[in-house]
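The chain contents come next:
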Amino acid sequence: MARRTKDEALATRHCILDAAELLFQQHGVSRTSLQDIAQAADLTRGAIYWHFKDKADLFNAMMERATLPLEESLAIGEELPPDQDPLAFIEDRFVQALRLTVHHAPTRRVFEIATHKVEYVDELQAVRDRHLLNRNQCLDQVELMLKQAARRGIIGRRAPARSIALGLHALVDGLIQNWMLDPQAFDLVRVGRQVLRAYLAGLRTEACAAPAAAGGTEDAA
């Protein structure tokens, strides 16, 4: 019986998150109340509070359930092996994020909510804090790779690694947001790889210029 109760509680939690995800996408986070979510999930408001302390807690749980493209794809870790090119590695991981955005609907939906459907009003301060934490973790990982590339003489030191990481993050984040406004406008994976490759090629020292075919062939979505 205890096992069944635990499973039922988990199913209820996912039901709440499913309803919240759809309503947040349709109406925005600020304009969606916990009562709206309860009605959509065919539950009482008390059931919502049993699982989540407030709307920000529910929102963050929804975000954790569907990791954003620039979070999981850039969980890079420690020093790369000597035979692995850090810039090619960065390109590959960012392209994975673009591919995930195109082909995984739940990820795309949550990314849209996080970027276009949320206002950082007082009740959602925790949401803003989480967004900043994840952005900074992504930047830390890219900066780590760029510093490895600099130590190996693959890139010069014309700009701080952190500044270059910020530029890369803004580039990919901006591509995703623009594509989501009009998915028919361009092929996100193919164009994204082209732009990333051009950006990263500009960082390489002349002695470490990558051949045109490096990093694989052009992707189709």
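Residues take numbers from 1 onward in each chain, read along the sequence in its written order. Per-residue local features are limited, in this predicted model, to residues with pLDDT of at least 70; the limit for side-chain atom pairs, both in listing and counting, is 80 or more; totals at the level of whole chains, interfaces and linings are taken over all residues. The basis for every side-chain value is the complete set of heavy atoms in the structure, and neither hydrogens nor water enter the calculation.

Draft legend 1. Molecular detail of the packing of aromatic side chains. Think of it this way: a Phe, Tyr or Trp ring, Trp meaning its six-membered ring, pairs with another when their centres are within 6.5 Å, and the plane angle makes it stacked under 30 degrees, edge-to-face over 60, tilted otherwise. One pass over the full model with this rule turns up 1 aromatic pair. Relative to phenylalanine 59, the ring of phenylalanine 24 has its centre 5.9 Å away and its plane inclined at 45°; by these criteria the two rings are tilted. Of this pair, phenylalanine 24 sits in helix 1 (residues 2–27) while phenylalanine 59 is found in helix 4 (residues 55–65), placing the two residues 35 residues apart along the sequence. Judged by relative accessible area, which is 0%, phenylalanine 24 ranks as buried. Note on conventions: DSSP H or I runs of at least 4 residues are helices, E runs of at least 2 residues are strands, and numbering of each starts at the N terminus. The buried label goes to any residue with under 20% of its type's maximum accessible area, the exposed label to any with over 50%, and the partly exposed label to all in between, with areas taken from a 1.4 Å probe on protein chains only.

Draft legend 2. Spatial organisation of empty space enclosed by the protein. Using a grid of 1 Å spacing that covers the protein atoms alone, one calls a set of points a cavity when a 1.4 Å probe fits there but cannot get out, and a pocket when the set is open and has protein on both sides within 12 Å along at least five of seven lines; lining residues are those with an atom within 4 Å of a point. Grid points are joined across faces, edges and corners, and a volume is the space filled by probe spheres set on the points. Summed over all chains, the structure comprises 1 cavity of 30 Å³ or more. Looking at the largest cavity, its volume works out to about 80 Å³. If you go around the largest cavity, you meet 10 residues; those closest to its centre are Phe59, Met63, Ala114, Val127 and His131. For the lining of the largest cavity, the secondary-structure elements that each account for two or more residues are helix 4 and helix 8 (125–151). The classification used treats Ala, Val, Leu, Ile, Met, Phe, Trp, Tyr, Cys and Pro as nonpolar, Asp, Glu, Lys and Arg as charged, and all other residues, Gly among them, as polar. Looking at the lining of the largest cavity residue by residue, the class counts come to 7 nonpolar, 2 polar and 1 charged.

Draft legend 3. Quick look at the packing of helix 9 (residues 161–181) against helix 10 (residues 188–201). Orientation of helix 9 relative to helix 10, taken along the N-to-C sense of each, is 160°, at an axis distance of 11 Å. Compared by their axis directions, helix 9 and helix 10 come out roughly antiparallel. Handedness of the helix 9/helix 10 crossing: right-handed. In this structure, helix 9 uses Ile164, Gly167, Leu168, Leu171, Val172, Leu175, Ile176 and Trp179 to contact helix 10, whose residues at the interface are Leu188, Gly192, Val195, Leu196, Tyr199 and Leu200. The residue inventory of the contact of helix 9 with helix 10, partitioned by class, reads 12 nonpolar, 2 polar and no charged. Convention adopted: a line fitted to C-alpha atoms gives each axis, helices being fitted over their contacting stretch, and angles between N-to-C directions are expressed from 0 to 180 degrees. Roughly parallel means an angle under 35 degrees; roughly antiparallel, over 145; roughly perpendicular, 65 to 115; everything else is oblique. Crossings are sorted by hand: turned counterclockwise from the far helix by less than a right angle, the near helix makes the crossing left-handed, and turned clockwise it makes it right-handed. In this description, contact between two residues means that some pair of their heavy atoms is separated by no more than 4.5 Å.

Draft legend 4. Region of the structure containing the pattern of salt bridges. Think of a salt bridge as a Lys or Arg side-chain nitrogen and an Asp or Glu carboxyl oxygen that are within 4 Å of each other. What the rule picks out here adds up to 7 salt bridges. For arginine 204, the salt bridge is made with aspartate 85, and the minimal N-O distance between the two is 2.7 Å. Highlighted residues: arginine 204 in the segment after helix 10 and aspartate 85 in the loop between helix 5 (69–72) and helix 6 (86–103), separated in sequence by 119 residues. Judged by relative accessible area, which is 15%, arginine 204 ranks as buried. By relative accessible area, aspartate 85 is classed as partly exposed at 25%. Arginine 162 is the partner of aspartate 140 in a salt bridge, and the nearest nitrogen-oxygen pair spans 2.6 Å. Here the residue aspartate 140 occupies a position in helix 8, and arginine 162 occupies one in helix 9, the gap between them amounting to 22 residues. What makes aspartate 140 partly exposed here is its relative accessible area of 41%.

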